[in-house]
Number of protein chains: 2
Amino acid sequence: MMSDDASALSTAQRLRQEIENDIASGHLVPGERLDEVTLANRFHVSRTPIREALQQLAMAGMVEIRPRRGAVVASLTPERLYEMFEVMAELEAMCCRLAARRLGPSDALALERAHRACEAVRHDHDAYYRANEMFHQAIYAASGNTFLAEQARLLQRRLQPYRRLQLRVRNRVQNSFSEHERILAALMAGEGEEAAGIMRPHVQVQGERFSDLIASLKLLGAA
Amino acid sequence: MMSDDASALSTAQRLRQEIENDIASGHLVPGERLDEVTLANRFHVSRTPIREALQQLAMAGMVEIRPRRGAVVASLTPERLYEMFEVMAELEAMCCRLAARRLGPSDALALERAHRACEAVRHDHDAYYRANEMFHQAIYAASGNTFLAEQARLLQRRLQPYRRLQLRVRNRVQNSFSEHERILAALMAGEGEEAAGIMRPHVQVQGERFSDLIASLKLLGAA
DNA sequence: CTCATCATTCTTGTATACAAGGAAACGCTC
DNA sequence: GAGCGTTTCCTTGTATACAAGAATGATGAG
């Protein structure tokens, strides 16, 4: 019944990860109801650990628990989404600044490898999305601040369903890739402010990109 | 719109807040064991909602749950503490930048009031600590980014037990207050970068202040 | 035909019972 | 007397039973 790798994870934590994956991947859409009994049956456990997992997800901001009325996948208003991207942009810019100062040989290697992986799949949206995620994570790690890296990773995950939609826009992948290139060059040169300055608008959703995002949001809401 | 209204709180959430307060206030010290039965008795509930509250606290990073071995108040290593202060400094700097751009009349009023409240109690460490907290929160709110404000508030709370110790250092309150003054002036003048530049070292724990913090940490650990 | 009110049903919230993994204490051997 | 294995007890993890608040559907009045 237990998977083998349950090394240091409680059941509730495993369940949280599973449900979290379903939310991040878009299998569970914002606003969708999370019935305790249904989930319990699906994972072959009782409601107790399911409830514990839901409480965790509520703290992570991925679900909303309305007392006595059940849990739903959290849905973000356009305003809040904008705010979250604004913070994400700043966190990633901070990663750049720190990474430029603290970059070690292994970090540099990992960055280059991640970048080349992006290049290899730049004609496949979905594959690029995953490679892109890895590239950004390589920068988080290179910051040398594990707490910052964790926070960035958390927010990245929370924005995943929305960020994914963004890359669908025409030419976005191409632009994304060339921005990566400039960021990478700046990091290698130790130009932290330069890298941060490119990263900020790379992440932040502004102007027409914001309109595009809202448009896809409405599509999502209609489903 | 989504303010933490007490009317819509589940029991588990209320319990989380109570325990959280005990941790933030130092009533529960890092490393201390959190026995489910003891807590259940204390709050006159069963273990079920207590466990849910503990899961929430684990996600918030305030307690650590070791499977089958119970929950303890999370204790931070000096390295991690340094990292968290580094991120906190950047979040608050970001608040400054945004606040300077977006400052409304009511925000300005709240800021000045909070600053005067600090002045009034600057000879009482504990009172100053609370007033100081309010001043910083006024800046978070003035950023106009509610998500950022929430994140900053969260991290502030998490660092509270350690931040509190810091003000004990000789002259720190006096320095803190004059830094506030300069930050306030910069914000009022719309000089976001200026305000951010003062805020960063105001928050970050570096050099001898870091050593001081580690020293108090050891004292805490000895207790 | 529409709306309001009440009964029914379904879901959540909480307590409790039981199972099972650690911790600790005891005794045993060397 | 010290170290190790065993046994006991204590704590956590999970399921289930029951209570109580929403949602839903039915029934009747306007």
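In this text the structure is predicted, and so the values were computed from the model without any measurement.

**Some thoughts on the protein's contact with DNA strand C**
Item 1. Near DNA strand C there are 15 residues, and of these R47 and R51 of chain A together with T11, S46 and R69 of chain B occur at the shortest range.
Item 2. In DNA strand C, atoms within 4 Å of the protein come from the sugar-phosphate backbone in 64% of cases.
Item 3. S46 of chain B is positioned such that a nitrogen or oxygen atom in its backbone is 2.4 Å from a phosphate oxygen of DNA strand C.
Item 4. For the surface near DNA strand C, the elements supplying multiple residues, two or more each, are α3 (47-60) of chain A together with α3 (47-59) of chain B.
Item 5. Grouping the amino acids of the surface near DNA strand C by side-chain chemistry returns 3 nonpolar, 4 polar and 8 charged.

**Details of unusual backbone geometry**
Item 1. One non-glycine residue, R68 of chain A, lies in the positive phi region at around 70°.
Item 2. When you line up the elements, R68 of chain A lands in the loop between β2 (63-65) and β3 (71-73).

**Concerning the pattern of salt bridges**
Item 1. Within the structure shown, the criterion is met by 30 salt bridges over all chains.
Item 2. The partner of R97 of chain A in a salt bridge is E90 of chain A, and the shortest N-O contact between them spans 3.7 Å. The same class applies to R97 of chain A and to E90 of chain A, which are both buried.
Item 3. It is possible to trace a salt-bridge network through shared partners that takes in E90, R97, E193 and R200 of chain A together with E90, R97, E193 and R200 of chain B.

**Quick notes on the packing of helix α4 (residues 78-102) of chain A against helix α7 (residues 146-166) of chain A**
All names here are of chain A.
Item 1. At a minimum axis distance of 10 Å, the contact between α4 and α7 shows a crossing angle of 130°. Judged by the inter-axis angle, α4 sits oblique to α7. Seen along the crossing, α4 lies across α7 with a hand that is left-handed. Judged by residue contacts, L81, M84, F85, V87, M88, L91, E92, M94, C95 and L98 of α4 engage L148, A152, L155, Q156, R158, L159, Y162, R163 and Q166 from α7.
Item 2. Across the contact of α4 with α7, the residue classes break down as 14 nonpolar, 2 polar and 3 charged.

**Comments concerning the domain arrangement of chain A**
Residue and element names in this part refer to chain A.
Item 1. In terms of domains, chain A is made up of domain 1 (11-73) and domain 2 (78-222).
Item 2. Using only C-alpha atoms to locate each centre, domain 1 and domain 2 end up separated by 27 Å.
Item 3. Each partner contributes to the interface: domain 1 provides 11 residues, whereas domain 2 provides 7 residues.
Item 4. The junction of domain 1 with domain 2 conceals about 670 Å² of combined surface from both sides, 52% of it contributed by carbon and sulfur atoms.
Item 5. A salt bridge links E20 to R157, with the nearest nitrogen and oxygen atoms 2.4 Å apart.
Item 6. Inspection of the region where domain 1 meets domain 2 yields 3 residue pairs in polar contact (both at pLDDT 80 or more).
Item 7. Looking at the side of domain 1 that touches domain 2 element by element, the count peaks at 5 residues for helix α1 (residues 11-24).
Item 8. Within the side of domain 1 that touches domain 2, the residues separate by chemical class into 6 nonpolar, 4 polar and 1 charged.

**Considering the protein's contact with DNA strand D**
Item 1. In the region of DNA strand D, 16 residues are neighbours, and T11, S46 and R69 of chain A together with R47 and R51 of chain B sit closest.
Item 2. Among atoms of DNA strand D positioned within 4 Å of the protein, sugar and phosphate together represent 65%.
Item 3. Between T11 of chain A and DNA strand D, the recorded distance is 2.4 Å, taken from a side-chain N or O atom to a phosphate oxygen.
Item 4. Between DNA strand D and R47 of chain B there is a distance of 2.7 Å, counted from a base nitrogen to a side-chain nitrogen or oxygen.
Item 5. Mapped onto the surface near DNA strand D, the elements with two or more residues apiece are α3 of chain A together with α3 of chain B.
Item 6. With 3 residues, the top contributor of residues to the surface near DNA strand D is α3 of chain A.
Item 7. For the surface near DNA strand D, the per-class residue count stands at 3 nonpolar, 4 polar and 9 charged.

**Focus on the state of the cysteines**
Residue and element names in this part refer to chain A.
Item 1. For the structure shown, the criterion picks out 0 disulfides over all chains.
Item 2. This cysteine, C95, is not joined by any disulfide, and C96 carries the nearest cysteine sulfur, 7.1 Å off.
Item 3. Judged by relative accessible area, C96 falls into the buried class, the value being 0%.

**Here's the deal with the relation of the copies chain A and chain B**
Item 1. Laying chain A over chain B is done by rotating through 180° and shifting 0.0 Å along the axis; what remains is an RMSD of 0.1 Å. Here the two chains are linked by the operation of a two-fold rotation axis.
Item 2. Take the interface residues of chain A: 100% of them recur as interface residues in chain B, which is what a same-surface contact looks like.

**Some words on the pairing of strand β3 (residues 70-73) of chain B**
Residues and elements named next belong to chain B.
Item 1. One ladder, built from 2 bridges, connects strand β1 (residues 33-34) with β3; its direction is antiparallel. Bridging across to β3, R33 finds its partner in V72.
Item 2. Pairing between strand β2 (residues 63-66) and β3: 4 bridges, direction antiparallel. Note that in β3 the partner of R66 across the bridge is G70.
Item 3. Hairpin connection, β2 to β3: the antiparallel pair is bridged by 3 residues, and R68 has positive phi, about 65°.

**Details of the confidence of the model for chain A**
Item 1. When pLDDT is averaged along chain A, the result is 92; 95% of the residues meet or exceed 70.
Item 2. Per-residue pLDDT stays below 50 along residues 1-6 of chain A; that stretch engages in 3 contacts with residues further than four places along the chain or on separate chains.

Definitions and limits used
Residues numbered from 1 in each chain as written. Chains lettered and ligands numbered in written order. Predicted model: local features only at pLDDT ≥ 70, side-chain atom pairs only at ≥ 80, totals over all residues. Heavy atoms only, no water. Near = heavy atom within 4 Å. Polar contact = N/O pair within 3.5 Å; in protein donor to acceptor, adjacent residues only side chain to side chain. Helix = DSSP H or I, 4+ residues; strand = E, 2+ residues; numbered from the N terminus. Nonpolar A, V, L, I, M, F, W, Y, C, P; charged D, E, K, R; others polar. Salt bridge = Lys/Arg side-chain N within 4 Å of Asp/Glu carboxyl O. Buried < 20%, exposed > 50% of the residue type's maximum accessible area, 1.4 Å probe, protein only. Axes fitted to C-alpha atoms, helices over the stretch in contact; angles between N-to-C directions. Parallel < 35°, antiparallel > 145°, perpendicular 65-115°, else oblique. Left-handed = near helix turned anticlockwise from the far one by under 90°. Contact = heavy atoms within 4.5 Å. Domains from an automatic or database assignment. Buried area = accessible area lost by both parts, 1.4 Å probe. Disulfide = S-S within 2.5 Å. Least-squares fit on C-alpha atoms with pLDDT ≥ 70 in both. Pairing = 2+ DSSP bridges. pLDDT = per-residue confidence, 0-100.

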